[in-house]
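Take a look at the letters that make up each chain.
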Amino acid sequence: MLTAHFAAAALAPLLVRWWGRNAFLALALVPAATTGWALAQALGVVAGTPVGVRIPWAPEYHLTLAFRMDTLSLVMTLIAAGIGTLILVYCARYFTDDEPGLGRFAGVLTGFAGAMVGLVLADDLIQLYVYWELTTVFSYLLIGHYTERRDSRRAAALAINVTTLGGLAMLVGLIMLGEAAGTYLISELLADPPGGPLTTVALALVLVGALSKSAILPFSLWLPSAMQAPTPVSGYLHAAAMVKAGVYLVARLTPGFGDLAVWQYTTLAFGTVTMVAAGWKALRQNDLKLLLAYGTVSQLGFLTAVLGAGTRDAALAGLAMLCAHAVFKAPLFLVVGIIDHSTGTRDLRELSGLRRSMPAVFWTSVLALASMAGLPPMAGFAAKEAVFGAFEHSGSPVLLVALVGLVVGSVFTVGYSLRFLWGAFFDKPDVPPTPVHPPAPLFVAPALLLGLLGLVGGPASSLLDPVLAAYADTVPWNAGNDPAHLALWHGFNLPLLLSALCLAGGLALFRWRTAVAWAGARFALPDAAAVYRRIVYYIVSFATQVTGATQRGSLPIYLGTILVTLVAASALPIIQGRLWTLEAPPVRWWDTPVQFIPAAVIVAAALWALMARGRLFAVVLAGMTGYGTATLFALQGAPDLALTQFLVETVSLVVFVLVLRRLPPRFSTPVLRTRRVLNLLIGAATGLLVASMAYFALAGRRAETISGGYPAAAEEAGGHNIISVLLVDVRAWDTMGEISVLASVAAGVASLLFVRRRTRRLRAPAVPGRLSVPVSSATGSAQTDGEWSPLPLGVAENIVTVRAEAKPLWLPGVLALSQERRSIIFEVVARLLFPVILVLSVFLLVTGHSSVGGGFAGGIVAGLGLMVRYLAGGRHELYLTLGLQPGVLIGLGMTITTGTALAGAVFGTEILAGGAYDLHLPFMEPVHLTSALAFDFGVYMLVVGLIQDILYSLGSGIDEQMERERQAGRAPQSEEVTA
């Protein structure tokens, strides 16, 4: 079911393109199937046989793909999938075919439904958190659907900031719970819950996440702002799904921790206060959608208090109220959308006479509002009676005090329910009847169906009692009292009297609504959005002050601070542990006298770099230390490491030179002598520390080395190069992490250089049969005046065209260079070397599993080929060399490596499981192919894309800057380096 949801989300934009808004009807089949599947499992689940599956993923880290459906998950799945089906059907008439971003909206909404189903079925704490954050991200995109509206963007940012803050706190709490219990499986955690102070802190952090997700005070500010979203989003996320996630988490953990004070008191206090405060706020709202938003916050506080009370009867009543809330609040939001579409307004002061012009919508609202107000025979009445009865018979003074708050909040609920009904449908003096565009039957049907479910739910509550009791019986209860049962009628008792009191109080609030509005304005709480903006302002101001005090723009200060911290933090354990007193093997200074030659070069180059005043000379000296280190690797018997070091050092040297074009040719005047002495001491201390740490790490080895098993592991993986097998087989997870870092580095480097879009598209040929090369007007190309032209050329505006019947150019990009910047010898050598370099890179890629090489080395070699083309032909040659943009290559590389990793789980035994195949070709020896080759190919493409991105950023990007400066009459800073 989860796979179907996310697959449908991926296909949604295409379906919307084909079928327009009717694509929502096809997408609704997926949650509808999920609803049917859940109903098919209901009998067994209620009977005490949960449905579940566990797939070990990373057992060493207690990570398991675990799904489990018990009674609580069953109820939440039916709510998430069932109401999700109706919302998608509603969308098919709410939107028009020309709605901007409709395909994206359809995909995100379907993906959100899948994330919500995954959240309520997850039986692993970390997996639950993943789905939790998926709902956060999807809700951010849905709330900010109207990207052109500033209020919509602000509301989305507010929602994701608040819920993510709570989610991060919750993650810490979940990890603490898992470590304290010794398991991350929720079912095992609740079967044997841990105790102690650590658990108390963990539960407090988990509650921060739950309360923020369900918009409980002080996190309530994001939900009213989220009403900027389209109405289907409000009806699903904010009435039936996302905001229920926090309530669900409270209900999920209450059986194990409901008797703890931190759990019970926190949920009761914050839930009750939220119910009263938000209900009071709803009484004076004029926007129907905003009225429902504050009413939703109030009801969420109600649910949180009841489900967190920690008693069996409260758990039964809370789950009943959870179901009732879903079937009365979702249709009310849908009704608001219908009214808005049909009349063009949601302001109750402008609406009049809709009771006669929209009878179906009116009676749908009556059913939903009656259930919300707790009137018989609705589902809301049966659930509210059960809540009052559970708190009355609890025998706990705390629950009795909370009961008073719940009654006050219920009075407010009746009041704003009557305000909604009067404001939306009844006649108002001095307000003419509102013109109405009749809604389509399919537009009204989802809301009407949910309203009828609320009507049926009251009389059928006794039939639902065994189902909901299967969850409630998992919560400890007082053996001195008989367990409560759901029913529409319990006789004349205190809960019935309290319900009558709520109805009378609500009628009084509606009767004197003008005075209530005045009192609400007079004693209003601070505006939540204004409070949030003020908090953000102070945080940004504080961050600016801290940044200004610590980030002074001096790289030496930054580096010195880092190194001093390293020395202080690392030298202390070395000194305290007296590591030099440990028995250590003697130092072997050399294996062969030849090693002294590169060692001497490294030392001499390092010392000389300290005295060099020219930046370019210092870079060359730094490169010599790298090449010397690579030579030591080769002499030590590590050819793979040596090859990689040589290649990386070469790329680094070129990058340094490219950057130096924008820097002065010489270092600035040396600073004060005291600063130079301090820098010298920091450098010496760091070098001594690193050498000591390397020696002590090797000397402290006591266990037997595991490298003895590497040859056998390489043979088992079908390779002969142990290093390559380690990188792409044994420790492939490390490689996945490293290439992910490389992709991030590519994005970071480019973002530092480019503010505008990086994509460069070659212009279409101006004349059929001609190749077009863009020419910068700042270069003053010599070819344009006809003095020197190796091939027939034609110039039109800023385009140099070459006739297709002419012989192919060696390097077409050189046509954009001025004559004095060209070198025929370099161009010919570069054109001849480029195919050889590419063949060599492919050779290193293919043979890396059995010999020296690999995807990383091959990718760097191919990148060096791009560098040669760029240095010979300029930036336009770089644009013409590859037809793919750097981001495409990096993305393809990540996709191939990730796909290879996942294929191991699909076709093998686990993620990154390898496979081998011998290909028999005529007249050739069998070709041994392994899955690692595909993985390595992904690394190869990513590295090529990385180097291409660096060349685009630090090469052609700087070229364009320099050309603009020449055009403006300003010379670049470093003419010496440029020359």
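How each quantity is defined
Residues numbered from 1 in each chain as written. Predicted model: local features only at pLDDT ≥ 70, side-chain atom pairs only at ≥ 80, totals over all residues. Heavy atoms only, no water. 1 Å grid on protein atoms, 1.4 Å probe; cavity = no way out; pocket = protein on both sides within 12 Å on 5 of 7 lines; lining within 4 Å. Points joined across faces, edges and corners; volume = space filled by probe spheres on them. Helix = DSSP H or I, 4+ residues; strand = E, 2+ residues; numbered from the N terminus. Nonpolar A, V, L, I, M, F, W, Y, C, P; charged D, E, K, R; others polar. Axes fitted to C-alpha atoms, helices over the stretch in contact; angles between N-to-C directions. Parallel < 35°, antiparallel > 145°, perpendicular 65-115°, else oblique. Contact = heavy atoms within 4.5 Å. pLDDT = per-residue confidence, 0-100. Buried < 20%, exposed > 50% of the residue type's maximum accessible area, 1.4 Å probe, protein only. Polar contact = N/O pair within 3.5 Å; in protein donor to acceptor, adjacent residues only side chain to side chain.

Caption draft 1: Up close: the layout of surface pockets. When its volume is computed, the largest pocket comes out at roughly 1900 Å³. Lining the largest pocket are 44 residues, with Pro556, Leu559, Leu610, Phe667 and Asn679 sitting closest to its centre. Secondary-structure elements contributing two or more residues to the lining of the largest pocket are α25 (555-576), α26 (596-611), α27 (615-635), α28 (639-660) and α29 (673-699). The element best represented in the lining of the largest pocket is α29, accounting for 10 residues. Tallied by class, residues from the lining of the largest pocket come to 28 nonpolar, 11 polar and five charged. Taken as a whole, the second largest pocket holds about 1500 Å³ of empty space. Residue lining of the second largest pocket: 43 residues in total, with Pro56, Trp57, Ala58, Leu65 and Ile911 positioned closest to the centre. Going through the elements one at a time, α1 (2-19), β1 (51-58), β2 (63-69), α6 (125-143), α31 (722-730), α32 (732-753) and α35 (886-907) are the ones with two or more residues in the lining of the second largest pocket.

Caption draft 2: Representation of the packing of α31 against helix α36 (residues 931-967) in the model. For the pair α31 and α36, the least separation of the axes is 10 Å and the interaxial angle reads 85°. In terms of orientation, α31 lies roughly perpendicular with respect to α36. In this structure, α31 contributes Ser724, Val728 and Asp729 to the contact, and α36 contributes Ala932, Phe935 and Asp936. Tallied by class, the residues present in the contact of α31 with α36 amount to three nonpolar, one polar and two charged.

Caption draft 3: Spatial organisation of the confidence of the model for the chain. For the chain, the average pLDDT comes to 83, and 89% of its residues sit at 70 or higher. Within the chain, helix α5 (residues 102-121) carries the highest mean pLDDT (93), whereas strand β4 (residues 793-796) carries the lowest (34). Within the model, the stretch residues 757-807 combines pLDDT values under 50 with 94 contacts to residues more than four positions away or in other chains.

Caption draft 4: Representation of the side chain of Asp123 within the structure. Relative to the assigned elements, Asp123 resides in the loop between α5 and α6. Its relative accessible area of 4% is what places Asp123 among the buried residues. Of note is the side chain of Asp123, whose polar atom sits 3.0 Å from the side chain of Ser187. Look past the residues within four positions of Asp123 in its chain and what remains in contact with it is Arg54, Ala66, Phe67, Arg68, Tyr184, Leu185, Ile186 and Ser187.

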